[in-house]
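# Reading the structure
So you can see what is in the structure, the chains are spelled out below.
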Amino acid sequence: MNFQIRDAISANMTNNSSTDVRSVIDDAIQRGEEHLLPGLGVFFEQLWKRSDEKEKAEITNELSQAFAQAQ
């Protein structure tokens, strides 16, 4: 079976509202199940591809701060 997670998630999320997207993200995080992490990675990949250099700097700064506080 040749299952492409990117394609499946993109198809499932096409035309969803921001509220729908928020629900999916909140649900995945709340569940805390490892198998949901690749799906969140696909969300991040789409965000990253659409971001300009300033937005990428902001994202990476936020992430570095989040992981610094997680220690």
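Quick summary incoming for the structure in this document. (Residues numbered from 1 in each chain as written. Predicted model: local features only at pLDDT ≥ 70, side-chain atom pairs only at ≥ 80, totals over all residues. Heavy atoms only, no water.)

## Quick look at the environment of G39
With respect to the helices and strands, the residue G39 is situated in helix α3 (residues 37–50). For the pair formed by G39 and A57, sequence separation is 18 residues and the distance between their alpha carbons is 23 Å. Not counting residues up to four positions away in its chain, the partners in contact with G39 are I5 and I9. (Helix = DSSP H or I, 4+ residues; strand = E, 2+ residues; numbered from the N terminus. Contact = heavy atoms within 4.5 Å.)

## Quick word on the layout of surface pockets
Reported here for the largest pocket is a volume of approximately 230 Å³. Along the walls of the largest pocket sit I9, S10, M13, T14, V42, F43, Q46, L47 and R50, which together make up its complete lining. Of all the elements in the fold, those that place two or more residues in the lining of the largest pocket are α1 (5–13) and α3. Here the lining of the largest pocket gets five residues from one element, more than from any other, and that element is α3. Tallied by class, the residues present in the lining of the largest pocket amount to five nonpolar, three polar and one charged. (1 Å grid on protein atoms, 1.4 Å probe; cavity = no way out; pocket = protein on both sides within 12 Å on 5 of 7 lines; lining within 4 Å. Points joined across faces, edges and corners; volume = space filled by probe spheres on them. Nonpolar A, V, L, I, M, F, W, Y, C, P; charged D, E, K, R; others polar.)

## Details of unusual backbone geometry
One non-glycine residue, N15, adopts positive backbone phi at about 70°. By the secondary structure assignment, N15 is in the loop between α1 and α2 (18–31). Taking the relative accessible area as the measure of exposure, N15 reaches 77% and is therefore exposed. (Buried < 20%, exposed > 50% of the residue type's maximum accessible area, 1.4 Å probe, protein only.)

## Quick word on the pattern of salt bridges
Tallied over the full model, the rule gives four salt bridges. Between K54 and E58 there is a salt bridge, and its shortest N-O distance comes to 3.7 Å. Residue K54 and its partner E58 are both found in helix α4 (residues 53–70); the two are separated by four residues, about one turn of the helix. (Salt bridge = Lys/Arg side-chain N within 4 Å of Asp/Glu carboxyl O.)

## Side note on the packing of α1 against α3
At a minimum axis distance of 10 Å, the contact between α1 and α3 shows a crossing angle of 75°. Judged by the inter-axis angle, α1 sits roughly perpendicular to α3. Where α1 abuts α3, its residues I5, R6, I9 and M13 lie against P38, G39, V42, F43 and E45. Looking at the contact of α1 with α3 residue by residue, the classes come out as six nonpolar, one polar and two charged. (Axes fitted to C-alpha atoms, helices over the stretch in contact; angles between N-to-C directions. Parallel < 35°, antiparallel > 145°, perpendicular 65-115°, else oblique.)

These figures come from the coordinates and say nothing about function on their own.
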